[in-house]
Structures are given as C-alpha cells and as structure tokens.
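# A look at the structure
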Amino acid sequence: MTVDPATELPDVPALPPEPRRGIVALLVFDGALCAILSVLFLGLYIGPVPFPITILLAAVINLLLVMAVYSETDSLRTAMLPLAAWLLGFAVCLAVGPGGDQLAMADWRILMLPVAALLPAGGYLFSARIKAIIKTARPPAQQM
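Sequence order as written defines the numbering, with residues in each chain counted from 1. In keeping with the model being predicted, local features are shown solely for residues with a pLDDT of at least 70 and side-chain atom pairs are shown and tallied solely at 80 or more, while totals for entire chains, interfaces and linings include all residues. Note that the side-chain values use all heavy atoms of the structure and ignore hydrogens as well as water.

## A word on the packing of aromatic side chains
- Only Phe, Tyr and Trp rings are paired, with Trp represented by its six-membered ring, and only when their centres lie within 6.5 Å; those with planes under 30 degrees apart are stacked, over 60 edge-to-face, the remainder tilted. A full pass over the atoms with the stated rule returns two aromatic pairs.
- With centroids separated by 5.2 Å and ring planes inclined at 10 degrees, the aromatic side chains of Trp-86 and Phe-90 adopt a geometry described as stacked. Note that Trp-86 and Phe-90 are positioned in helix 4 (residues 81–94) at a spacing of four residues, about one turn of the helix. Here Trp-86 and Phe-90 have matching classes, each one buried. Helix and strand assignments follow DSSP, with helices taken as H or I runs no shorter than four residues and strands as E runs no shorter than two, numbered in order from the N terminus. To sort residues, take the accessible area from a 1.4 Å probe on protein chains only and compare it with the maximum for the residue type: under 20% means buried, over 50% means exposed, and anything in between is partly exposed.

Spelled out as structure tokens, the structure:
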C-alpha cells in the first residue's frame with residue numbers, strides 16, 4: 001500500500017507529556033510524612049542499644065522521592081520540593097507542642113538525621129544540574 005506524499009502527515013516531534021500534578025503533590029506530601037515518621041521512630045532500641053534505622057531509611061526515601069519528581073517533571077526546581085517538605089516536617093517536629101511536649105529528643109541522632117536525609121538527594125540534584133550545564137555548554141555535533 002502506498003501513501004500519497006501530499007496527504008501524509010509531516011514528522012512532528014512528539015511533545016513531552018505534561019507532568020501529573022497529583023503525583024507530584026503526593027510525592028511532596030510523602031517528603032513531609034517521611035520527616036515526621038523518621039523523627040517518631042528515631043528513638044528505637046534493640047535491647048539496650050540505640051537502633052536509628054530511620055536515618056538510613058530517610059536518606060533512601062528522600063533520594064527516591066527526588067528521583068521520582070525529577071523523572072516526572074524534568075525540572076530541578078520542582079524536584080527540590082520533597083526536600084523542602086521534609087525540612088518543613090522536620091521543623092514541625094522540632095517545635096514544642098501543647099503542654100511542652102516535644103517529638104525530637106536532644107541526642108546525637110537528631111543531629112545526624114537531617115544531614116543523612118538530605119545529603120544523598122542533594123548530591124543527586126547537584127549531579128543532575130552539572131549534567132544539564134554540560135549538556136547545554138557542549139557545542140552541537142557537526143554534521144558531515
């Protein structure tokens with residue numbers, strides 16, 4: 001079967017799909033939820049030994065959230081939103097509640113949590129930004 005060139009559709013590059021705002025909003029909410037749950041379970045003990053597994057879990061989860069938002073939107077600014085939500089949730093946990101109650105305890109683990117939770121995701125965003133800069137700075141390939 002032959003196609004008439006006059007009626008054939010031109011090759012138009014496909015537009016990238018629009019990011020799903022509901023998915024991005026859910027991932028940002030998960031960032032705040034991760035912060036609250038990691039502070040709540042930071043005081044775990046196995047026998048007499050502290051077992052701060054939530055520090056490692058927060059690092060992995062934040063990295064996965066940032067990667068998911070970046071793959072959905074291709075925007076580094078939007079990919080930082082789960083980290084901003086994590087910081088907001090962490091700040092809420094540091095605040096003193098009614099009656100003087102406080103979720104965060106004065107311990108070395110509360111100091112390690114933000115460092116370990118934000119460093120891997122920040123490193124991923126930094127490397128993605130460097131790759132984007134190199135990609136735009138590289139001259140286009142010369143055609144022969």
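## Here we look at helix 4
- With 14 residues, helix 4 should reach 20 Å at 1.5 Å per residue; the first-to-last C-alpha distance of 20 Å fits that figure.
- Within helix 4 the residues assigned to the buried category are Pro-82, Leu-83, Ala-85, Trp-86, Gly-89, Phe-90 and Cys-93. What you see down the axis of helix 4 is that its buried residues fit within an arc of 160 degrees, all on one side. Away from its buried face by more than 90 degrees, helix 4 exposes Leu-88 and Val-92.
- The inward-facing, buried residues of helix 4 abut helix 1 (21–40), helix 2 (53–73), helix 3 (76–79) and helix 5 (108–137). Expected helix span is computed as 1.5 Å times (number of residues minus one). In this description, one arc is meant: the one made by directions from the helix axis to the C-beta atoms. Residue contacts are defined here by distance: any two heavy atoms, one from each residue, within 4.5 Å place the two residues in contact.

## Describing the environment of Ser-71
- Tracing the sequence through the fold places Ser-71 in helix 2.
- Considering only alpha carbons, one finds Ser-71 and Pro-19, 52 residues apart in sequence, at a separation of 9.3 Å.
- For this analysis, a polar contact is any N or O atom pair within 3.5 Å, provided that within protein one partner can donate a hydrogen and the other can accept it, and provided that sequence-adjacent residues contribute only side-chain to side-chain pairs. Reaching out from Ser-71, the side chain makes a polar contact with the backbone oxygen of Ala-68 at a distance of 2.9 Å.

## Thoughts on the pattern of salt bridges
- Think of a salt bridge as a Lys or Arg side-chain nitrogen and an Asp or Glu carboxyl oxygen that are within 4 Å of each other. One pass over the structure, following the stated rule, counts two salt bridges.
- Between Arg-20 and Glu-72 there is a salt bridge, and its shortest N-O distance comes to 3.0 Å. Here Arg-20, found in the segment before helix 1, pairs with Glu-72, found in helix 2; they are 52 residues apart in sequence, far enough to count as distant.
- Its salt-bridge partner being Arg-109, residue Asp-107 comes within 2.4 Å of it at the nearest N-O pair.

## Let's talk about the environment of Thr-78
- Following the sequence through the fold, Thr-78 ends up in helix 3.
- We classify Thr-78 as partly exposed; its relative accessible area is 23%.
- Apart from residues lying up to four places away in sequence, Thr-78 is in contact with Val-24, Val-69 and Thr-73.

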